[in-house]
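# Architecture and fold: a report
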2 protein chains.
Amino acid sequence: MNKAFYDSSFKVGILGGGQLGRMFIQEAINLNVQVCILDPDPEAPCKNLVSEFVCGSLTDYDAVIAFGQDKDVITIEIEHVNVDALLQLEKSGKKVFPSPALLQMVQDKGLQKEFYTKNNIPTAPFHLIENKAAIHNYRNEFPFFQKLRKGGYDGRGVIALNDPEKIENAFDEPSVLEKKIPFVKELSVIVSRNEKGETSVFPVVEAEFNPHVNLVEFLFSPAQISASIERRAREIALMVADRANLTGILAVEMFLLEDETIYVNEIAPRPHNSGHHTIEANITSQYEQHLRAILNLPPGDTSTIKPAVMVNLLGEEGYSGAAHYEGMDEALALPGVYVHLYGKKETRPYRKMGHVTILADNIADALGKAQKIKQRLKIKSK
Amino acid sequence: MNKAFYDSSFKVGILGGGQLGRMFIQEAINLNVQVCILDPDPEAPCKNLVSEFVCGSLTDYDAVIAFGQDKDVITIEIEHVNVDALLQLEKSGKKVFPSPALLQMVQDKGLQKEFYTKNNIPTAPFHLIENKAAIHNYRNEFPFFQKLRKGGYDGRGVIALNDPEKIENAFDEPSVLEKKIPFVKELSVIVSRNEKGETSVFPVVEAEFNPHVNLVEFLFSPAQISASIERRAREIALMVADRANLTGILAVEMFLLEDETIYVNEIAPRPHNSGHHTIEANITSQYEQHLRAILNLPPGDTSTIKPAVMVNLLGEEGYSGAAHYEGMDEALALPGVYVHLYGKKETRPYRKMGHVTILADNIADALGKAQKIKQRLKIKSK
């Protein structure tokens, strides 16, 4: 008889023990799934919430192999992990979701872009370049975004090149040189797929970015878009999941252009910042959906329960050290406000320290509260 | 400067590490509150989810004192704990919620009944008796429920005495002899109160008991009662919280009689089986509300989001051993179904192994799914 997910010997191993792992654990508790964590930070947010916490590098072949040895399913909460080790674990019969092949593609923005074109998935026009000098070949196509093929994260590794004069600021590394396209909205769609091939798709959400730090400032669920755009965005997301042979969950970030064209920007095969609100705002959360997908369980209902706005709690500029939260009582006194702190001891400017989801009867009410919280709830150091 | 609840040195200690503690931990993670557990079972459901798990007796004075020593707030998930130790910890300056005085009263069903009468809280007529022989004094008042003053739990320690011939079956211990009153519904209301005196009250719910094992079979939220009964039930619950000087959360179980009289049956100053559905069905869950109350934070919004039915998952008759769940895929495939397994390794007949909450647009739809789940989702041993 096969092990069942609730058996005490069944183990899900996660590479990474940050906030995504933490929220995944909160859901895994419901199905009595034993979670084990590998993370390089001895004080990682998941540390005290699991039966097994291993402090080790996610990019170290031996560390990942050793960690995966006694796990039944291995998954990730960050893409920057040692794929060779995951390939080896997969070969040895372990279930690794998302697949190492998908991770390999996602780790390299150049391969990602080639994947889109190969599969007729709409995406902004681009060139793959080896170094800074190559940018001169495209002088008459400006403006561009230059994105490092590897290692970028949360806005790092991306630079706007608005005209050829800016080439001197460019990265001198293998990159994607992507046509800067004016867009009207940034959308995100989360899809899931299990081994049986059962898929689900969450309602489309809309992100408002803080241009200074390239982090989500507000997230709106549902997106304020027409039914036909909603439908098309979902179709694209499902197509990506299908072509990428997904098992697990996948966030598809998109640009909506003035003429209603949708371009896929990038994908992340894991729970995503643009899905935090699903914990309270949707029947099934992205974390539960991820769990269901990797355990080959039927997908949950993704319907929206109530409109929501999500706001990231970022460390205040000018403060580093043990985190101190100002305005917490005031925030918690507002009805429909859900505070999620990530358990990071030290704050730093713009570090993601938590998020707040606000449910309301309409987006305008939720946004009003979100703005209040953004003004009042501050993360400083003592 | 006082310690804040999210500081890494701030600790909430819970006496008891079962399912209630487990669901409390899931909420405490959101506010980054460090939870520590004392439980006699080395394999208690909370064991692997906390930074500190102490295996020890909840009724042992020294064990409780030692555990409480370095905690900032001490709370409970079961009433059968050593109150003298809690009194001592309170005297030494620890915050103990619910108060040891309230726990003392709740541990003794005789004191509970006297508390109701002293405070004009409506309750079924009763006599306090020392032994079986005393029942003969009330031969002309039958039928009765006899309830042991101390040590009863989940239906144990209660016996129906329908006529004087049954006296031979009675307990020969100090008991409450309570007039058996025909009722039309069993209601439950959960209230909370923080140190500032801020209170909240959840919508009234209705429980359908399984008469064989005296455990909740289905729980309906909201209760199918008139607005005036709803109002009166809430008022009574708030009055109990006020008179009992509550800090924390309190479940007030009530009987609704044919003539619309409401009697308080019993109270439990902790998260309660009749509040599990609040995790998904209400803006704020009972666990978050408990946390907010004991941390002196403002109470959250208790509004109902969607109608819900909750069903307990009990170990199937005739099976003992490592738990095996039949029909799990089928249950999870139903939309709006939330499965909560409690992480108990061994099943036993009627052991509470988990619960399922079903959200729907109306109670009838939710009940339909709940009945299906009750038929199909079975807990056996391999």
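Further up the page is the structure itself.
Quick summary incoming for the structure in this document. (Residues numbered from 1 in each chain as written. Chains lettered and ligands numbered in written order. Predicted model: local features only at pLDDT ≥ 70, side-chain atom pairs only at ≥ 80, totals over all residues. Heavy atoms only, no water.)

### Quick notes on the overall build of chain A
Going by this rule: Secondary structure elements are defined from DSSP: runs of H or I of at least 4 residues count as helices, runs of E of at least 2 residues count as strands, and each element is numbered from the N terminus. Only C-alpha atoms enter the radius of gyration, while the globule expectation follows 2.2 Å times N to the 0.38, with N the number of residues. Throughout, exposure labels follow a simple rule: accessible area from a 1.4 Å probe, protein chains only, divided by the maximum for the residue type, with under 20% read as buried, over 50% as exposed, and the rest as partly exposed. The accessible surface values rely on the Shrake-Rupley method and a 1.4 Å probe; as for residues, cover is taken only from the protein chains in view. Charged residues are defined here as Lys and Arg on the positive side and Asp and Glu on the negative side; His and the ends of the chain fall outside this count. Every charge is mapped onto a representative atom, which is NZ of Lys, CZ of Arg, CG of Asp or CD of Glu.
Looking only at helices and strands, one finds ten helices and 21 strands in chain A. For chain A, the C-alpha radius of gyration of 21 Å lies close to 21 Å, the compact-globule estimate for 382 residues. Referenced to the eigenvectors of the C-alpha coordinate spread, the extents of chain A come out at roughly 60 × 50 × 45 Å. Within chain A, the fraction of its 382 residues that count as buried is 61%. Carbon together with sulfur atoms contributes 47% to the accessible area of chain A, which is approximately 14,500 Å² in total. Between the averaged position of the 42 positive side-chain charges in chain A and that of its 50 negative side-chain charges there is a distance of 1 Å.

### Observations concerning the interface of chain A and chain B
Rule in force here: Here, residues are in contact when the closest pair of their heavy atoms is within 4.5 Å. Throughout, the accessible surface (probe 1.4 Å) given up by two parts as they are put together, summed over both, is called the buried area. We count a salt bridge whenever a side-chain nitrogen from Lys or Arg sits within 4 Å of a carboxyl oxygen from Asp or Glu.
On the side of chain B, 45 residues touch chain A, which itself brings 45 residues to the contact. Considering only the surface of chain A that becomes buried against chain B, Tyr6(A), Ile29(A) and Leu332(A) emerge as the three largest contributors, covering 16% of it. In this structure, Lys196(B) engages Asp329(A) in a salt bridge whose closest nitrogen and oxygen atoms are separated by 3.8 Å. Sorting the residues of the side of chain A that touches chain B by element identifies helix 1 (19–30), helix 8 (286–294), strand 17 (321–326), helix 9 (328–333) and strand 18 (337–341) of chain A as the ones contributing at least two each.

### Digging into the relation of the copies chain A and chain B
The line we're drawing: The copies were overlaid with a least-squares fit restricted to C-alpha atoms from residues scoring a pLDDT of at least 70 in each copy.
Take chain A, turn it by 180°, move it 0.0 Å along the axis, and it overlays chain B with an RMSD of 0.0 Å. Seen this way, the second copy is the image of the first under a two-fold rotation axis. Ranked by how close their C-alpha atoms come to the rotation axis, the residues of chain A are headed by Leu49(A), at 2.1 Å. Take the interface residues of chain A: 100% of them recur as interface residues in chain B, which is what a same-surface contact looks like.

### Brief notes about the pattern of salt bridges
Across all of its chains, the model carries 46 salt bridges over all chains by this definition. Of the charged contacts, one joins Lys196(B) and Glu198(B) as a salt bridge, the two residues approaching to 3.8 Å between their closest N and O atoms. Looking at Lys196(B), the relative accessible area reads 49%, which means it is partly exposed. Taking relative accessible area as the criterion, Glu198(B) reaches 31% and is therefore assigned partly exposed. Each of Lys11(A), Glu52(A), Asp70(A) and Lys71(A) takes part in a single network of salt bridges with overlapping partners.

### Description of the packing of aromatic side chains
In plain terms, the rule: In this analysis, rings of Phe, Tyr and Trp, with Trp reduced to its six-membered ring, are considered paired at centre separations within 6.5 Å, and the interplanar angle assigns stacked below 30 degrees, edge-to-face beyond 60, and tilted for intermediate values. Criterion for a charge above a ring: Arg CZ or Lys NZ at most 6 Å from the ring centre, at most 35 degrees from the ring normal.
Scanning all chains against the criterion turns up twelve aromatic pairs over all chains. A ring pair is formed by Tyr6(A) and Tyr325(B), whose centres lie 4.5 Å apart and whose planes are at 70°; its orientation type is edge-to-face. On the criterion of chain membership, the pair formed by Tyr6(A) in the segment before strand 1 (11–15) and Tyr325(B) in strand 17 (residues 321–326) is interchain, its members lying in two chains. For the residue pair Tyr6(A) and Tyr325(B), the accessibility class agrees, reading buried in each case. Among the aromatic residues, ring-to-ring pairing joins Phe5(A), Tyr6(A) and Tyr325(B) into one connected group. Across from the ring centre of Phe67(A), 4.3 Å away, lies the NZ or CZ of Lys71(A), which sits over that ring.

### Quick word on the packing of helix 3 (residues 83–91) of chain B against helix 4 (residues 100–107) of chain B
Residues and elements named next belong to chain B. Condition: Every axis in this analysis is a line fitted to C-alpha atoms, fitted for helices over the stretch in contact. Angles between the N-to-C directions lie between 0 and 180 degrees. Orientation labels follow simple angle bins: below 35 degrees gives roughly parallel, above 145 gives roughly antiparallel, 65 to 115 gives roughly perpendicular, and whatever is left gives oblique. The handedness criterion is simple: a crossing whose near helix is rotated anticlockwise from the far helix by less than a right angle is left-handed, and one whose near helix is rotated clockwise is right-handed. Only Asp, Glu, Lys and Arg are considered charged, only Ala, Val, Leu, Ile, Met, Phe, Trp, Tyr, Cys and Pro nonpolar, and every remaining residue, Gly among them, polar.
Relative to each other, helix 3 and helix 4 sit at 165°, their axes nearing to 9 Å. In terms of orientation, helix 3 and helix 4 fall into the roughly antiparallel class. Of the two possible hands of crossing, helix 3 and helix 4 adopt the one that is left-handed. Contacts between helix 3 and helix 4 pair Val83, Leu86, Leu87 and Glu90 from the former with Pro100, Leu103, Gln104 and Gln107 from the latter. Taken together, the residues of the contact of helix 3 with helix 4 break down into five nonpolar, two polar and one charged.

### Quick word on the sheet that holds strand 8 (residues 158–161) of chain A
Sheet strands pair via backbone hydrogen bonds, and the direction of the pair is either parallel or antiparallel. Residue and element names in this part refer to chain A. The following threshold applies: One requirement defines pairing of two strands: DSSP has to find at least two bridges between them.
Sheet architecture is open: four strands sit in the order 6-9-7-8, paired in antiparallel fashion. Single-partner strands in this sheet number two, and they are strand 6 (126–129) and strand 8. Shown here is a sheet whose adjacent strand axes are inclined to one another by a mean of 20°, direction ignored. Here strand 7 (residues 144–148) pairs with strand 9 (residues 175–179) via five bridges, running antiparallel. Opposite phenylalanine 145, over in strand 9, you have glutamate 178 as the bridge partner. Its contacts with the sheet put helix 5 (residues 109–118) on strand 6, strand 7 and strand 9, and the angle it makes with strand 6 is roughly 140°.

### Regarding the packing of helix 1 of chain A against helix 1 (residues 19–30) of chain B
Remark: helix 1 of chain A packs on helix 1 of chain B, axes separated minimally by 10 Å, with the N-to-C direction vectors making an angle of 165°. By the angle class used here, helix 1 of chain A and helix 1 of chain B are roughly antiparallel. Between helix 1 of chain A and helix 1 of chain B lies a crossing of left-handed hand. Taken together, the residues of helix 1 of chain B that come into contact with helix 1 of chain A (itself represented by Arg22(A), Gln26(A), Ile29(A) and Asn30(A)) are Arg22(B), Gln26(B), Ile29(B) and Asn30(B).

### Here's the deal with the pairing of strand 13 (residues 215–221) of chain B
Residue and element names in this part refer to chain B. Across the seven residues of strand 13, seven count as buried, placing the element largely inside the fold. Of the pairings in the sheet, the one linking strand 12 (residues 205–210) to strand 13 comprises five bridges and is antiparallel in character. Residue pairing for strand 13: glutamate 206 is matched across the bridge by phenylalanine 220. From the end of strand 12 to the start of strand 13, which pair antiparallel, there are four residues, and asparagine 214 there has a positive phi angle of about 55°.

### Structural notes on the environment of Ala28(A)
Residues and elements named next belong to chain A. Its place among the elements puts alanine 28 in helix 1. In the structure, alanine 28 is positioned 16 residues away from valine 12 in sequence and 9.5 Å away in space, judged by C-alpha atoms. When near neighbours in sequence (up to four residues on either side) are disregarded, alanine 28 contacts Val33, Val35 and Leu291.

### Focus on the side chain of Ser192(A)
All names here are of chain A. Going by this rule: Think of a polar contact as two N or O atoms within 3.5 Å of one another; within protein, one of them needs to be a possible hydrogen donor and the other a possible acceptor, and neighboring residues in sequence only count if both atoms come from side chains.
Position of serine 192 relative to the elements: it lies in strand 10 (residues 185–193). Here serine 200 takes part through its side chain, which lies 2.8 Å from a polar atom of the side chain of serine 192. Among all residues touching serine 192, those that are not within four sequence positions of it are Glu198, Thr199, Ser200, Leu246, Gly248, Ile249, Gln289, Ala293 and Pro299.

### Comments concerning the state of the cysteines
All names here are of chain B. Where we set the bar: The rule for a disulfide is simple: a pair of cysteine sulfur atoms within 2.5 Å.
In this structure the tally under the stated criterion is zero disulfides over all chains. Of the cysteine sulfurs around cysteine 36, a residue in no disulfide, the closest is that of cysteine 46, at 11 Å. Given the relative accessible area of 0%, cysteine 46 is considered buried.

### Notes on the environment of Arg234(B)
All names here are of chain B. Structurally, arginine 234 can be placed in helix 6 (residues 227–243). The class for arginine 234 is partly exposed, based on a relative accessible area of 27%. Sequence separation between arginine 234 and lysine 147 is 87 residues, and the spatial gap between their C-alpha atoms is 26 Å. Apart from the residues within four sequence positions on either side, arginine 234 is in contact with Val189, Val201, Phe202, Pro203 and Val204.

### Structural notes on the pairing of strand 9 of chain A
All names here are of chain A. Most of strand 9 is tucked away, with four of its five residues classed as buried. The pairing of strand 6 with strand 9 spans four bridges and is antiparallel. Bridge pairing in strand 9 places isoleucine 129 opposite serine 175.

### Overview of helix 3 (residues 83–91) of chain A
All names here are of chain A. To keep things clear, this is the line we draw: An arc is given here, and it is the one of the directions from the helix axis to the C-beta atoms.
Of the residues making up helix 3, those classed as buried are Val83, Ala85, Leu86 and Leu89. Seen along its axis, helix 3 keeps its buried residues to an arc of 155°; they face one direction. Each element contacted by the buried residues of helix 3 is listed here: strand 1, helix 2 (61–68), strand 4 (73–76), strand 5 (95–96) and helix 4 (100–107). A distance of 3.1 Å separates the backbone nitrogen of aspartate 84 from a side-chain oxygen at the start of helix 3, and that oxygen is part of asparagine 82. Of the residues flanking the end of helix 3, it is glycine 93, one or two places downstream, whose phi is positive at about 105°.

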